[in-house]
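Each chain, letter by letter, is given below.
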Amino acid sequence: MKQTFFITGTTKGVPLALVKILLSQGHRVIATVHHRQPEIQAELSITNYPNLTLLHLDFTDNTTFLKLEEDLQRLGNIVIDVFISHATLNKPIESEPLLETAYTTYVKYFQVNTLGPLELLKVIKPYMVRSQFKKIILTSSALNDKNSKGQVRGNPYTIAKAGLSLIAFQLSEELKQEGFIVISYYPGLHKGCDGTDDTAMEVEEAAGAELELVDGLTLEQSGLYLDHRGNSLNR
Ligand SMILES: NC(=O)c1ccc[n+]([C@@H]2O[C@H](COP(=O)([O-])OP(=O)(O)OC[C@H]3O[C@@H](n4cnc5c(N)ncnc54)[C@H](OP(=O)(O)O)[C@@H]3O)[C@@H](O)[C@H]2O)c1
């Protein structure tokens, strides 16, 4: 059955691969981009993909949600089946001691990686309530899993992502009665990620694994923190 996916952060990597796979399967995709890169906009154009709507989103701009609301209203009577949150402030791992990390740095990471997806959900949830699928995927990081070793877990990126995982858990409780499935998701190490080698997955493989997982999600799994293989990372 054809569905409508709302995906953020689609300028490159796994999110871009997701968009292309879904469109090739005949689904409708509403994709958001941060920086308007002409080559991406040309590639993901309505001419190439009639089922695609490309919207602008910048979590650091307070007017972005209002603008998005207007953009969605213009699309008419749409139903969004699946929301996949990939947009992220993802600078190379910083290992500054917490006490030496600037307050403004934390604010920016929380704005983009934690509160941005939550505020966005406030805008798009009304478009999801009529869906029979109602799936919300908040992409997190395995670095906030206590079992991850040898990597910096206490940087602003990871701390903000840990907050997003908790939001997914809380939302799963709050939205259960309405039939929403909410998970926190770790996409696995893939090419293009920091510190990966040749053994890392191709982005298309990571995107395929993600879509397979999303397709099979059940209400019983709501609230879990799952990786691309379907393993639970919950403590
Ligand atoms: N890659 C990994 O190693 C890895 C591992 C575990 C989890 N993840 C998670 O998987 C997801 C995708 O990872 P990725 O490596 O593909 O991320 P990425 O390459 O850093 O892409 C992040 C996306 O977010 C957008 N973005 C950045 N700032 C934004 C803002 N202020 N408002 C709205 N959008 C903004 C970027 O747009 P611009 O490029 O235009 O700024 C880009 O499209 C992320 O949630 C990440 O945390 C990744």
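Quick note: structure is the one above.
Note that the structure is predicted; figures quoted are calculated from it, not measured. (Residues numbered from 1 in each chain as written. Predicted model: local features only at pLDDT ≥ 70, side-chain atom pairs only at ≥ 80, totals over all residues.)

(A) Quick peek at the overall build of the protein. If you tally the helices and strands in the protein, you get six helices and seven strands. Going from N to C terminus, the protein has its helices and strands arranged as β-α-β-α-β-α-β-α-β-α-β-α-β. Against the 2.2 N^0.38 benchmark of 18 Å for 235 residues, the protein shows a C-alpha radius of gyration of 17 Å, consistent with a compact globule. Each of the three principal axes of the protein carries a C-alpha extent, and together these read 50 × 40 × 35 Å. Every one of the 235 residues in the protein was classed for burial, and the buried ones make up 37%. (Helix = DSSP H or I, 4+ residues; strand = E, 2+ residues; numbered from the N terminus. Rg over C-alpha atoms; globule rule 2.2 N^0.38 Å. Buried ≥ 20, exposed ≤ 12 C-beta atoms within 10 Å, placed from the backbone.)

(B) View of the environment of Gly-163. By the element assignment, Gly-163 lies in helix α5 (residues 156-174). Once the C-alpha coordinates of Gly-163 and Gln-73 are considered, the two residues, 90 residues apart in sequence, prove to be 30 Å apart. If we ignore the near neighbours within four places in the chain, the residues touching Gly-163 are Phe-110 and Thr-114. (Contact = placed C-beta atoms within 7 Å.)

(C) The sheet that holds strand β2 (residues 28-33), seen in detail. Strand order in the open sheet formed by seven strands is β3-β2-β1-β4-β5-β6-β7, with parallel pairing between adjacent strands. In the strand order of this sheet, the two ends are held by β3 (52-56) and β7 (225-227), each with one partner. Averaged over all neighbouring strand pairs, the angle between strand axes comes to 20°, with direction disregarded. Both strand β4 (residues 82-85) and strand β5 (residues 135-139) contribute to a ladder of four bridges, which runs parallel. Following the sheet pairing, Ile-84 is matched in β5 by Ile-137. Strand contacts of helix α4 (residues 103-128): β1 (4-7), β4 and β5, with the helix running at about 170° to β4, the strand carrying the most contacts. The sheet contacts of α5 involve β5, β6 (181-186) and β7, and relative to β6 the element is tilted by about 160°. (Pairing = 2+ DSSP bridges. Axes fitted to C-alpha atoms, helices over the stretch in contact; angles between N-to-C directions.)

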